[in-house]
Amino acid sequence: MNRTLDKLRRRGPVLALVASALLVAAGLTAPAALAADDYTQSVTQPSSTQAQINFTPTTPALYVDVHYTGVPGVGQQNVRMTNGSGTWRTTVNGLSSGNVLDYWFTYEKNGPQYDTPHFSYTVGGGTTTVAAPTFSPPGGTYSSAQTVTISSATAGATIRYTVDGSTPTASSALYSGPISVPNSRTVNAIALKSGSTTSPVSSASYTIGTQAGCPTQSDTPNFGPNVRIFDPGMSAATIQAQLDTDFNNQKDTLTAQFADRRVAHLFKPGTYNGVHDNVGFYTSVAGLGQNPGDVLINGDVTVDAFNASDNGVALQNFWRSAENLAVNPSGGQERWAVAQAAPFRRMDVRGGLQLYPASYGYASGGYIADTKVAGQAASVSQQQWYTRDSALGSWNGGVWNMVFSGTSGAPATTFPNPPETTLATTPVSRDVPYLYVDGTGKYRVFLPSLRTNASGPSWANGSTPGTSAPMSQFYVVKSGDTASSINNALAAGCNLFFTPGVYHLNQTLNVTKAGTTILGIGYPTLVPDNGVNAMQVSDVDGVRLKGLLFDAGTTNSQALLTVGQSGSSASHASNPTTVQDVFFRIGGAIAGKATNSLIVNSANTIIDHIWAWRADHGNAGTVGWNTNTADTGLVVNGANVLATGLFVEHYQKYQVIWNGQGGRTIFFQNEMPYDVPNQASWNAPSGVAGYAAYKVASNVTSHEAWGLGSYCFFDTNPAVSSYHAFEVPNNSGVRFHSLLTVSLNYRGTITHVINDTGGVTPSGTVPVNVVSYP
């Protein structure tokens, strides 16, 4: 492709424009100019519906092309600019206030052709945005210290930077020349210019040191005091006593919900008779067999509305999990009455499964994957639920939104009456990494293979396909570990195994090595201190994150977890990064603050069951409109990202922003913020009332989603309303199926479901349904 384009360029400017357009269409770029003084660019507005893009090269150019998106109803445009006295200009028509132009240039300089970074301009905003800084060399793994140059394509811009993982501000260190990076760290930078909007934060993570591999760890590690390991040779009474002690510590909704206690129950292969594990807050229950049937519990693994204060409902049964077990329920029915952040994975239920409390009170939604239920799975009072790659004897029930993909025994699509949405297969999936014990008594982590168009449990026909890694390649993180010790393990090439606990981070955790696995049990909780971003994953193949809780610190972080650097464009279709059972909390335990919870820049990332939650209740002094502040739960910039099981609630602006092309979501559950003080403080930049829960950027031409619900409960001020829950571009490539809105107890309203479609939410907690859009 590049050789052909070189030939075209030599044949003149007209064919060079064709070459430039082909480069863009193919996702390829010419060499980027490194000098910030190569050109200047700006945007002006001749009228309210026009924007003039200007480009002045320092060295006279034979041609300059501009590429742009953002005109409503028009895809990407590639235009040869007009030269006037050395400045090249193009006027864009058909705009209105609030439209965002994304634009970049291709220009000739002394023969070769160069591409610039992307710029953005908001119509009616009156200012341009400074080009984001770039780093040379880019972030990555290096054997020795590096000297890093930072530049911005905006002439006259100044750069401020940090090297401790914190978010740079106008008072951060001023960049005046190349900086030394002697050891592993993350460099963040912004570019500023008077009269222009400050650039987005750019980030580059550097791992310095030889990568000979992880120093050998123990294959029979000490998992610390919060991990209980049970053996079938232990007496049932001894096992039960430990389970009961842990449950009594973890069960109370009023006192345990925001406590620091964390625990994991691990069962070695074998049969356990008469075991009843009631699962409380921050408790993981898992089998240590390679497949679910290797551990059989003749008894129960139960979640219910356990406490008198619960009043028979399970709306706050968060943060607990069951995985990789066979259960022969004592009464023929397993009970798993949970709300968010409570996955039920790789389970073999040899009976029925009840997803509601014994009291038949409400529960608020959950997640099943890679599971077999021999009998009936009954949701009854569950408000919403998602089941993936499983096999059910049958299904019964549904309040608002029941979604299935790749699940035999699931009901046919009948949304909205009853509210069931079923996809025959899951487009792309990969089961979670998990701990097991091999035949010699050593611990290993199994890494399941990627599946496409999957249906049924991965272990339905025998062992789950995949590979296995010894614990000698994992650094076991436990009490006493710091961000520095964890980063040192990552820099040495180790995977991470987080044990139950709360870990405060004074620097960003940098995941730079392809194929790194980070596995947590017992809800290990990562708290960034002093405004650092908690974790940065490089734009590499095959990183697996599973079983982590990010809890925002009291100083605002720009993001809690970022996957890929800004501008990442490499394809990872054959080996994507997976983010699974990863949860985010803003407030509740402490007065946390984070602008964004999860930013996904890497293409093809699989987001498989997250709950991003700005707390609506919690410990005293940790919740309030100006206390636990957070703009957005999920921002997707990467292409072809898939979300399966997406729960995002109570953020103060858009709950989800999807900028990448080719995105797909299967199941979305949302509640808008409860505590909006008044309408004037909560109107979107476009001027409409309120922020949409799920916004697809105006330049996106390919996006599809199934089974989405958004609810409002404007309890602080019921006069507040949101114009719509879903805001998407109107084109044939953007398609939504089975979506609804509800006003809970008629506290405020949502005027439309999607764009201008769907009626206002009525009283009586009655859904407004839209079967398909457009």
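Our subject is the structure that appears above.
Definitions and cut-offs
- Residues numbered from 1 in each chain as written.
- Predicted model: local features only at pLDDT ≥ 70, side-chain atom pairs only at ≥ 80, totals over all residues.
- Heavy atoms only, no water.
- Core = buried A, V, L, I, M, F, W, Y, C linked by side-chain atoms within 4.5 Å.
- Buried < 20%, exposed > 50% of the residue type's maximum accessible area, 1.4 Å probe, protein only.
- Contact = heavy atoms within 4.5 Å.
- 1 Å grid on protein atoms, 1.4 Å probe; cavity = no way out; pocket = protein on both sides within 12 Å on 5 of 7 lines; lining within 4 Å.
- Points joined across faces, edges and corners; volume = space filled by probe spheres on them.
- Salt bridge = Lys/Arg side-chain N within 4 Å of Asp/Glu carboxyl O.
- Helix = DSSP H or I, 4+ residues; strand = E, 2+ residues; numbered from the N terminus.
- Pairing = 2+ DSSP bridges.
- Axes fitted to C-alpha atoms, helices over the stretch in contact; angles between N-to-C directions.
- Expected span 1.5 Å × (residues − 1).
- Arc of directions from axis to C-beta.

Draft legend 1. Quick look at the nonpolar core. In terms of nonpolar packing, the biggest core is built from 80 residues, with Met 535, Leu 561, Tyr 694 and Phe 736 touching the most fellow members. Those residues within four positions of Phe 736 in sequence are excluded, and the remaining contacts are Tyr 694, Val 696, His 703, Ala 705, Leu 708, Phe 726, Val 728, Ile 754, Val 771, Ser 772 and Tyr 773. Formed by 31 residues, the second largest nonpolar core is a distinct cluster that contains Tyr 272, Val 295, Ala 377 and Trp 395.

Draft legend 2. Seen up close, the layout of surface pockets. Quantified by volume, the second largest pocket comes out at close to 580 Å³. Together, 30 residues line the second largest pocket, and Leu 315, Gln 316, Ser 364, Glu 671 and Tyr 674 are the ones closest to its centre.

Draft legend 3. Representation of the pattern of salt bridges in the model. Considering all chains together, one arrives at 20 salt bridges under this definition. For Glu 323, the salt bridge is made with Lys 546, and the minimal N-O distance between the two is 2.7 Å. Separated by 223 residues along the polypeptide, Glu 323 in strand S23 (residues 320-329) and Lys 546 in strand S45 (residues 544-551) bring together distant segments of the chain. Each of Arg 345, Arg 346, Asp 370, Arg 388, Asp 389, Asp 431, Arg 451, Asp 581 and Asp 608 takes part in salt bridges that share partners, so that together they form one network.

Draft legend 4. Spatial organisation of empty space enclosed by the protein. Under the defined criterion, the tally for this structure stands at four cavities of 30 Å³ or more. Taken together, 24 residues line the largest cavity, and the ones lying closest to its centre are Ser 284, Glu 323, Gly 520, Ile 521 and Lys 546. Elements represented by at least two residues in the lining of the largest cavity include exactly strand S21 (283-287), S23, strand S34 (434-437), strand S42 (517-520), S45 and strand S47 (578-586).

Draft legend 5. Spotlight on the sheet that holds strand S37 (residues 466-470). Pairing is antiparallel across the open sheet formed by three strands, whose spatial order is S34-S35-S37. Among the strands making up the open sheet, the edge pair consists of S34 and S37. Averaged over all neighbouring strand pairs, the angle between strand axes comes to 35°, with direction disregarded.

Draft legend 6. Quick peek at helix H3 (residues 236-250). The first and last C-alpha atoms of H3 sit 21 Å apart over 15 residues, in line with the 21 Å expected at 1.5 Å per residue. All buried positions along H3 are accounted for by Ile 239, Gln 240, Leu 243, Asp 246, Phe 247 and Gln 250. Across the axial projection of H3, the buried residues extend over an arc of 130°, all falling on one side. For H3, exposure combined with an orientation more than 90 degrees from the buried face picks out Ala 237 and Asn 248. Packed against the buried residues of H3 are strand S18 (227-230), strand S19 (263-267), strand S20 (270-278) and S21.

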